[in-house]
Amino acid sequence: MSKHHIEMTINGRRHSGDVEARVSLSDFLRDDAGYTGVHVGCEHGVCGACTVIVDGKAVRSCLMLAVQAEGAQVTTVEGLAASDGTLHPVQQVLLEEHGLQCGFCTPGFVMTLAALTDGDAKPSEQQLVSALSGNVCRCTGYQGIRRAAKRLACNEAGENS
Amino acid sequence: MKPAPFDYVAPTTIEEACAVIAEAGGGATVMAGGQTLMPLLNLRMSQPFIIVDINKIAELKGVSRGAGVTRIGPMLRQCDAITSEALARDLPVLVQAVRHIGHHQTRNRGTVGGSIALGEPAAELPATAVALNATIEVRSTAGTRKIPASEFYLGPYMNTLQPDELITGITFPDWPKGHIPLFRELAQRPGDFALVGIVGALVVEAGKITRAGIAWFGMGPTPIKAKTAEQMLVGQSLDTLDIQAVAESAIADTAPFDDQHASAEYRRTVGKRIFASALREALKTGEVA
């Protein structure tokens, strides 16, 4: 059983810790770094609730070891809203379209959408909806989430619809 | 639900990785993208003594050209395979197959070599490797070995890889410009394993099929080369080709079983239909080649 000293940037802040090799990134983010917005659902890669952004890409944090994120830039749902509380566009649209109900799966949906819409990316509605097939929600019936994805998608002219 | 304790090493060279794997004497498990291994660890279905993480080995990444072949590094991530210009040009059907693996989030970590090494019988990439006559290069401290993909798979999740061997490359022979990709799968939801699938490529010259490489997935304990169909197709003139007859005969190569998702009979019925419809669709676009 090996222990490793790791350092990573989480939501713009440096975090370090000593972890057993078997600790998942999701558990490190929750238990060591305190980012409990990382929701751990199935712990075997099916539900998508634990999705975070690692070096710009949405990944399941239960399917990665914490030690593998050594040196990485990690963003959790806590890292999206501005410091004055202004919501990230993805959060705002999900709020307006009733894209959440109990909220357990929501951080996963938010991070998947945020990874695909941040920066210069211009995803189509089809791309967003298809990426959301990797997230499971048991209460909204998905229609609000689909409406939010539609609003976040770019139309052919490259404008947000 | 946490993994049992293990040691972890992340070598940066192939030699170092092979040395660690050899030293562990069968107790090591190699981690590529981890999108299947991590669930197995979390569920404690797999309890290795040591995890050898090959994510830091630069030599195992990327796509390169060799003499008459495209060589894929096993650590090429599935998301990078989808956006690879070289693969879109030289192996379009592989890109099409990768799009059907898992979900966006798992393709961001999952690798081409990981999927080929695992050998899930209903997975897209092992069948693609078998269909296109790929060769799997493996290395151990004892040396290197090249295994034809058609001889690599022994059963579900079982292959001829020895405990001390590491996959270092997958080479796909060239297909001429203008060849026709063939891909069709039926799954209950996008991202699920296929109930039935076929993958491959065809070359049509002057109205005749001159080359065919096709394999089934989800139709037996391993990916299955569609030998009967290949033999019937090569040399056939498109004018006289009886697609339905080829589909009826092709199914004889498969060995599907009953499981909770579908019966063997259902798989055979659907297999014939998707084989025929995929072939019809492919040849319609390929007549001008």
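Residues numbered from 1 in each chain as written. Chains lettered and ligands numbered in written order. Predicted model: local features only at pLDDT ≥ 70, side-chain atom pairs only at ≥ 80, totals over all residues.

(A) Representation of the domain arrangement of chain A in the model. All names here are of chain A. As far as domains go, chain A holds domain 1 (3-78) and domain 2 (89-152). Taken over C-alpha atoms, the centre of domain 1 sits 21 Å from the centre of domain 2. On the domain 2 side, the residues contacting the 13 residues of domain 1 number 12 residues. Those elements that provide at least two residues to the side of domain 1 that touches domain 2 are strand S3 (51-54) and strand S4 (57-60). (Domains from an automatic or database assignment. Contact = placed C-beta atoms within 7 Å. Helix = DSSP H or I, 4+ residues; strand = E, 2+ residues; numbered from the N terminus.)

(B) Representation of the sheet that holds strand S12 (residues 196-205) of chain B within the structure. All names here are of chain B. Read from one edge of the open sheet, four strands run S11-S12-S13-S14, paired in antiparallel fashion. Only two strands of the sheet have a single neighbouring strand rather than two, namely strand S11 (180-186) and strand S14 (224-225). Set on the sheet, helix H5 (residues 92-99) makes contact with S11 and S12; between it and S11 the angle comes to about 15°. Lying on the sheet, helix H8 (residues 124-131) is in contact with S12, strand S13 (208-217) and S14; it crosses S13 at an angle near 150°. (Pairing = 2+ DSSP bridges. Axes fitted to C-alpha atoms, helices over the stretch in contact; angles between N-to-C directions.)

(C) Structural detail: the interface of chain A and chain B. Contacts between the two partners involve 25 residues from chain A and, on the opposite side, 24 residues from chain B. At the level of secondary structure, the elements contributing two or more residues to the side of chain A that touches chain B comprise S4 and helix H4 (125-132) of chain A. Top contributing element to the side of chain A that touches chain B by residue count: S4 of chain A, with four residues. Within the side of chain A that touches chain B, the residues separate by chemical class into nine nonpolar, 11 polar and five charged. (Nonpolar A, V, L, I, M, F, W, Y, C, P; charged D, E, K, R; others polar.)

(D) Layout of the pairing of S11 of chain B. Residue and element names in this part refer to chain B. The buried fraction of S11 is high, at six of seven residues. As judged from the seven bridges shared by S11 and S12, these two strands associate in the antiparallel manner. What sits directly across from Glu185, in S12, is Gly197. (Buried ≥ 20, exposed ≤ 12 C-beta atoms within 10 Å, placed from the backbone.)

(E) Representation of the nonpolar core in the model. One finds Leu182, Val199 and Ala215 of chain B to be the most contacted residues of the largest nonpolar core, which totals 132 residues. Here the element with the most residues in this core is helix H3 (residues 106-117) of chain A; it accounts for seven residues. (Core = buried A, V, L, I, M, F, W, Y, C linked by C-beta atoms within 7 Å.)

(F) How the structure looks around the domain arrangement of chain B. Residue and element names in this part refer to chain B. Under the domain assignment, chain B is made up of domain 1 (7-53), domain 2 (58-172) and domain 3 (180-286). Relative placement of domain 1 and domain 2: their C-alpha centres are 18 Å apart. The interface of domain 1 with domain 2 comprises 13 residues on the first partner and 19 residues on the second. The greatest single-element share of the side of domain 1 that touches domain 2, amounting to six residues, is contributed by helix H1 (residues 14-23). When its residues are assigned to classes, the side of domain 1 that touches domain 2 shows eight nonpolar, five polar and no charged.

(G) Highlighting the packing of helix H2 (residues 89-96) of chain A against H3 of chain A. All names here are of chain A. Two elements in contact, H2 and H3, have axes separated by 9 Å at closest approach and are oriented at 130°. Between H2 and H3, the crossing angle belongs to the class labelled oblique. Crossing hand, H2 versus H3: right-handed. Contact residues: Val90, Gln91 and Leu94 in H2; Val110, Leu113, Ala114 and Thr117 in H3. Residue classes in the contact of H2 with H3 are distributed as five nonpolar, two polar and no charged. (Parallel < 35°, antiparallel > 145°, perpendicular 65-115°, else oblique. Left-handed = near helix turned anticlockwise from the far one by under 90°.)

(H) Spotlight on H1 of chain B. Residue and element names in this part refer to chain B. Among the residues of H1, those classed as buried are Ala17, Cys18 and Ile21. Looking straight down H1, one finds its buried side chains confined to an arc of 95°; they lie on one side. Along its buried surface, H1 packs onto strand S2 (28-31), strand S3 (50-53), strand S6 (135-140) and strand S10 (166-173). One or two positions beyond H1, positive phi appears at Gly25, with a value near 55°. (Arc of directions from axis to C-beta.)

(I) Broad picture of the sheet that holds S3 of chain A. Residues and elements named next belong to chain A. Pairing in this open sheet of five strands is mixed, and the strands run S2-S1-S5-S3-S4 from one edge to the other. Each having just a single partner strand, strand S2 (13-20) and S4 make up the two edges of the open sheet. Neighbour-to-neighbour, the strand axes of the sheet open up by a mean angle of 40°, direction not taken into account. Sheet analysis places strand S1 (residues 3-10) next to strand S5 (residues 73-75), joined by two bridges and oriented parallel. By the bridge assignment for S5, Thr9 is matched with Gln73.

(J) Summary view of the pairing of S6 of chain B. Residues and elements named next belong to chain B. When S6 meets strand S7 (residues 143-148), the two strands line up antiparallel, connected through six bridges. Bridged to Ser140 within S7 is Gly143. Counted along the chain from S6 to the antiparallel partner S7, the turn is two residues long. The pairing of S6 with S10 spans five bridges and is classified as antiparallel. Bridge pairing in S10 places Arg139 opposite Leu166.

(K) Representation of unusual backbone geometry within the structure. Even without glycine at this site, Glu43 of chain A takes up a positive phi of about 60°. On the basis of neighbour counts, which here come to 21 C-beta atoms within 10 Å, the residue Glu43 of chain A falls in the buried class. Phi is positive for Asn133 of chain B, close to 55°, though the residue is something other than glycine. Here Asn133 of chain B shows up in the loop between H8 and S6. Residue class for Asn133 of chain B comes out partly exposed when judged on the 15 C-beta atoms lying within 10 Å of it.

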